[in-house]
Amino acid sequence: MTVTLIQKNDVYVLDIGDTENRFSPDWMTSVNDALDQVVAAPAPLVLTATGKFYSNGLDLDWLGQNADQFEQYVAQVQAIFARLLVLPVPTVTAINGHAFGAGAMLAMAVDWRIMREDRGFFCFPEVDIQIPFTPGMAALIQAKLTPRAAADSMTTGRRFPGPDALAAGIVDGTAPEAELLDQAIARVAPLAGKPADTLVQIKSTMYATAVAALGS
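Each chain carries its own residue numbering, running from 1 in the written order of its sequence. Since the coordinates come from a predicted model, pLDDT governs what is reported: local features require at least 70, and pairs of side-chain atoms require 80 or more to be given and counted, while whole-chain, interface and lining totals use all residues. Side-chain numbers come from the whole structure's heavy atoms, not from hydrogens or water.

A. The arrangement of the nonpolar core in detail. Residues grouped as a nonpolar core are buried Ala, Val, Leu, Ile, Met, Phe, Trp, Tyr and Cys residues, joined through side-chain atoms within 4.5 Å. Relative accessibility decides the category of a residue: with a 1.4 Å probe and only protein chains considered, values under 20% of the type maximum give buried, values over 50% give exposed, and everything between is partly exposed. Counting residues in each nonpolar core, the largest one holds 60 residues, and the members touching the most others are Phe81, Leu84, Leu106 and Phe122. Among the elements of the structure, strand S2 (11–15), helix H1 (25–40), strand S3 (45–48), helix H3 (70–85), helix H4 (102–108), helix H6 (135–144), helix H7 (147–154) and helix H11 (208–214) are those that each provide at least two residues to this core. Judged by nonpolar contacts, the second largest core, of eleven residues, contains Val11, Val13, Val92 and Leu180. Every helix listed is a DSSP run of H or I at least four residues long, and every strand listed is a run of E at least two residues long, numbered separately from the N terminus.

This is the structure in structure tokens:
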């Protein structure tokens, strides 16, 4: 699993990996390093992955071996969500495959979501795996979804394919695999040059409640 950041047509493309792309400590360090580069030279950001999975969320194997670090680990996960929420550039994610749990929350943390239309599920499985949402995670999701969509996704464990996720308002568009990245780039490329200082202030105000909850 390799996290890579490239520039394509004046837009950053951050590929978070080609495996299950779970939130291991090393993976989170690599993502934060990439976001440091985006902040240093601001340009619109596309977040995506390669292969069958977008992200399967928390690294449960690592947690099983490091249970004593649970609180610190969750804080690191939530810090990434909070950082993406207020990133000083326009952001979109191209959901190439399965997005489950914290992986689906990662998609929630960006400005817009485009999902592959013919493969992959978007799912918050917490109710079925008996892991309640933290206040921060719930606040993140509820900041982006209507009350109806939040209830339908958070309390049911439903697996949404692309067209259903679009109908529910969970994602903002769908595309065939061959067009997914191009459509995501097209969503944010026209927004290049928006003043970063102003944008971060706007986002910080918009998502103040969620950011505070994620940091608590």
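That shown, we press on.
B. Focus on the packing of aromatic side chains. Here is the rule: rings of Phe, Tyr and Trp (six-membered ring for Trp) pair when centre to centre is within 6.5 Å. Planes less than 30 degrees apart are stacked, more than 60 are edge-to-face, and the remainder are tilted. With the rule as written, the count across this model stands at five aromatic pairs. With centroids separated by 5.3 Å and ring planes inclined at 25°, the aromatic side chains of tryptophan 62 and tyrosine 73 adopt a geometry described as stacked. With tryptophan 62 in helix H2 (residues 60–65) and tyrosine 73 in helix H3, this residue pair connects regions lying eleven residues apart in the sequence.

C. Main features of the side chain of lysine 144. Here lysine 144 lies in helix H6. Put simply, lysine 144 is tucked away with no salt bridge, and the nearest opposite charge, on aspartate 111, sits 5.0 Å away. Of the polar contacts made by the side chain of lysine 144, one reaches the backbone oxygen of methionine 108; its length is 2.7 Å. Apart from residues lying up to four places away in sequence, lysine 144 is in contact with Leu85, Met108, Ala109, Val110, Asp111, Arg113 and Tyr207. In this tally, Lys and Arg are treated as positive and Asp and Glu as negative; His is ignored, and so are the chain termini. We define a salt bridge as a contact between a side-chain nitrogen of Lys or Arg and a carboxyl oxygen of Asp or Glu at a distance within 4 Å. Polar contacts, as used here, are pairs of N or O atoms within 3.5 Å; protein pairs need one atom able to donate a hydrogen and one able to accept it. Residues neighboring in sequence count only if both atoms are side-chain atoms. Note on definitions: a residue-residue contact is assigned when non-hydrogen atoms from the two residues lie within 4.5 Å.

D. How the structure looks around the sheet that holds S2. Strands sit in the order S1-S2-S3-S5-S7-S10 across an open sheet of six strands; the sheet is mixed. Two strands close off the open sheet at either side, each with one partner strand: strand S1 (4–8) and strand S10 (173–175). On average, adjacent strands in this sheet sit at an angle of 25° to one another, irrespective of strand direction. In terms of strand pairing, S3 meets strand S5 (residues 91–95) through three bridges, oriented parallel. Within the sheet, the bridge partner assigned to leucine 45 lies in S5 and is threonine 91. At least two DSSP bridges between two strands are required for those strands to pair. To get an axis, fit a line to the C-alpha atoms, keeping to the stretch in contact for a helix; angles then go from 0 to 180 degrees between the N-to-C directions.

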